[in-house]
Every structure is written in structure tokens, then in C-alpha cells.
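A look at the structure
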Amino acid sequence: QVTPVIHVLQYPGCVPKPIPSFACTGRCSSYLQVSGSKIWQMERSCMCCQESGEREASVSLFCPKAKQGDKKFRKVTTKAPLECMCRP
């Protein structure tokens, strides 16, 4: 499932900025068993909680230690999951 989190964006020389974001959390089934039709083989299924699509956002960070001539604000692009699902 998609879970709200606080993500701290950091960039050298800039003030870290906490922003609301999202993460995928949860459990997915996995198993290993002897094959029903071929008893000398194993059947396995390993599913993981993963993103399905992503959202993107641009955030401005204040950079007081910027060199002379450089901008005091830096635009940073961040990503977060749009949806979550169990996938192999």
C-alpha cells in the first residue's frame, strides 16, 4: 500500500528541507514447495512490494553557502510511487 512519509531533501551547501512524500509498504506472499506434478522439482514464487508508476515533483532548496554568482535557490526534482503492488 502507498504510505505517507516525510522525506528530507538534501543537497550540498543547501538547507535540508522536509517534504511530504510516499513509500510502498506491506507484505507479499512468497513460497517454495515441491512440485505437484514433478516431485523432483521445486516450485517457487517470490513476490515483492514494489512501485507501479511514479509521481514527480520539483522543490526549491535554499542554498546560503552558494558561491558568488551562483543561485541561492536550487530546484531539485524528486520522485515517489504513484501506486504499489506485489510483483515478482
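Looking at an unreviewed UniProt entry, one finds the chain named Bursicon and attributed to Phenacoccus solenopsis. For the chain, the Subcellular location (unreviewed entry) comment in UniProt is given as "Secreted".

Right, let's talk about the environment of arginine 87 for a bit. Following the sequence through the fold, arginine 87 ends up in strand E8 (residues 84-87). Each C-alpha atom, one on arginine 87 and one on cysteine 48, is 5.4 Å from the other, the two residues being 39 residues apart in sequence. Setting aside residues up to four positions removed in sequence, arginine 87 forms contacts with Cys46, Met47, Cys48, Gln50 and Glu51. Here glutamine 50 takes part through its side chain, which lies 3.3 Å from a polar atom of the side chain of arginine 87.

What follows concerns the pattern of salt bridges. Where charged atoms of side chains with opposite charge meet at close range, the side chains can pair. Taken as a whole and assessed by the stated rule, the structure comprises 2 salt bridges. Between lysine 79 and glutamate 54 there is a salt bridge whose closest N-O contact spans 3.2 Å. Highlighted residues: lysine 79 in strand E7 (residues 73-81) and glutamate 54 in strand E6 (residues 54-62), separated in sequence by 25 residues. The partly exposed category is assigned to glutamate 54, whose relative accessible area is 48%. With its nearest N and O atoms 4.0 Å apart, the salt bridge here joins glutamate 56 to lysine 79. In this pair, glutamate 56 sits in strand E6 while lysine 79 sits in strand E7, placing the two residues 23 residues apart along the sequence. Assessed through its relative accessible area of 56%, glutamate 56 is described here as exposed. By sharing partners, the salt bridges in this structure join Glu54, Glu56 and Lys79 into a single network.

Parameters at a glance
Positions within a chain are numbered from 1, following the residues in the order the chain's sequence is written. Only residues with pLDDT of at least 70 get local features here, since the model is predicted, and only at 80 or more are side-chain atom pairs given and counted; chain-wide, interface and lining totals rely on the full set of residues. In computing side-chain properties, one takes all heavy atoms of the structure into account and sets aside hydrogens as well as water. UniProt positions are given in the numbering used here, feature names are shortened, and annotations may be inferred rather than shown by experiment. Numbering of helices and strands runs from the N terminus, with a helix taken as a DSSP run of H or I at least four residues long and a strand as a DSSP run of E at least two residues long. Any two residues whose heavy atoms approach within 4.5 Å at even a single point are treated as in contact. Two N or O atoms form a polar contact when they lie within 3.5 Å of each other; inside protein one atom must be a possible hydrogen donor and the other a possible acceptor, and for residues adjacent in sequence the pair counts only when both atoms belong to side chains. A pairing counts as a salt bridge when a side-chain nitrogen of Lys or Arg comes within 4 Å of a carboxyl oxygen of Asp or Glu. Only protein chains enter the accessibility calculation, which uses a 1.4 Å probe; a residue whose area is less than 20% of its type maximum is buried, one above 50% is exposed, and one in between is partly exposed.

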